[in-house]
Amino acid sequence: MCFMGTLTGYQVSAARAVFDSVLEDRGLVFTIESEAPFGSRQLSAHLETLLLGLHAQRGARLLKIAPTDEALGRTQLAEVLNAATPEGFWEMDRGVVRLGRAEVLYTTPHSAECVPGTIGLVEVAEAHLMSPFAIANAVATARSNQATTVLYGTCRREDSAFGQWVLQNQELQTHMSSQLHFSIGLNREPIQATRTLR
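Definitions and cut-offs
- The residue count restarts for each chain, going from 1 along the sequence in the order it is written.
- Since the coordinates come from a predicted model, pLDDT governs what is reported: local features require at least 70, and pairs of side-chain atoms require 80 or more to be given and counted, while whole-chain, interface and lining totals use all residues.
- Excluding hydrogens and water, the side-chain values take into account all heavy atoms of the structure.
- Helix numbering and strand numbering both begin at the N terminus, where a helix is a DSSP run of H or I of at least 4 residues and a strand a DSSP run of E of at least 2.
- Contacts between residues were defined by any pair of non-hydrogen atoms, one from each residue, lying within 4.5 Å.
- Accessibility throughout is a Shrake-Rupley quantity obtained with a 1.4 Å probe, and a residue counts as covered only by protein chains that appear here.
- Only one rule defines a salt bridge in this text: a Lys or Arg side-chain nitrogen within 4 Å of an Asp or Glu carboxyl oxygen.
- The buried label goes to any residue with under 20% of its type's maximum accessible area, the exposed label to any with over 50%, and the partly exposed label to all in between, with areas taken from a 1.4 Å probe on protein chains only.
- In this analysis, the expected span of each helix is defined as 1.5 Å times one less than the number of residues it contains.
- Here, the term nonpolar core denotes a set of buried Ala, Val, Leu, Ile, Met, Phe, Trp, Tyr and Cys residues that are joined through side-chain atoms within 4.5 Å.

**Notes on the overall build of the chain**
The secondary structure content of the chain amounts to five helices and eight strands. Taken from N to C terminus, the helices and strands of the chain fall in the order α-β-α-β-α-β-β-β-β-α-β-α-β. By sequence separation, contacts in the chain at least 24 residues apart represent 78% of the contacts at least 6 residues apart. With an accessible surface of roughly 10000 Å², the chain has 51% of that area assigned to carbon and sulfur atoms.

As structure tokens, then:
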């Protein structure tokens, strides 16, 4: 499946970093900040399609958590799957998209802890709208599976949970070889840290 050419350079860099973390079971937490929700949905759909295709035979479970209905996210994923796979290779059933034995499960922050089975990737859509408790639960769910986490947000405030994760990732990546925070279509001055997540 060679379809990442439709993404921007920043999106491709983020997708590769997340993809490598998933394949190597590194369990990293990424923050991806975009100017509009479409940029995050597009990146997420391509990343999900790539991982679904890779694990279609042996199976994998990807978890997508969102505070609101993810219909637009599912539609974006369907468009990418239709372009990347032969007709009839994938299916959508309520809150699940399947390609072979691999699947993406869509859920709310309140139900994320109840998802059965092993999870390879946890994505959090609209993380800027979620509480510190909800984001912490999503990250804990991923860590209990040694899974990678991606927090997508469209705005950053230093007093928000998402903003604090951004600040933490920006600090962490100065001491390691991996890039943990990505900005898509943004031109902002860095904000000042007010506290650090544990």
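From this point on, the discussion continues.
**So, the pattern of salt bridges**
This model, assessed by the stated rule, comprises three salt bridges. One salt bridge in this structure joins Glu 48 and Lys 64, with 3.4 Å as the shortest N-O distance. Taken as a pair, Glu 48 in helix α2 (residues 37-54) and Lys 64 in strand β2 (residues 60-65) lie far apart in primary sequence, 16 residues in all. Pair check on accessibility: Glu 48 and Lys 64 agree, each one buried.

**Some remarks on helix α3 (residues 71-84)**
Given a rise of 1.5 Å per residue, 14 residues ought to cover 20 Å, and the 20 Å separating the end C-alpha atoms of α3 matches this to within 8%. Taken residue by residue, α3 has Gly 73, Arg 74, Gln 76, Leu 77, Ala 78, Val 80 and Leu 81 as its buried positions. Elements in contact with the buried residues of α3: α2, β3 (90-93), β4 (96-99) and β5 (102-107).

**Some points on the nonpolar core**
Formed by 35 residues in total, the largest nonpolar core has its most connected members in Ile 32, Leu 43 and Leu 121. Elements supplying a minimum of two residues to this core: α1 (9-23), β1 (29-34), α2, α3, β4, β5, β7 (148-153) and β8 (181-184). Counting residues per element, this core draws most heavily on α1, at seven residues. Once you skip the residues sitting within four places of it in the chain, Leu 121 turns out to touch Val 18, Val 22, Leu 47, Leu 51, Arg 61, Leu 62, Leu 63, Ala 147, Thr 148 and Val 150. Of all hydrophobic cores here, the second largest spans 21 residues; its members include Val 96, Ile 119, Leu 151 and Val 166.

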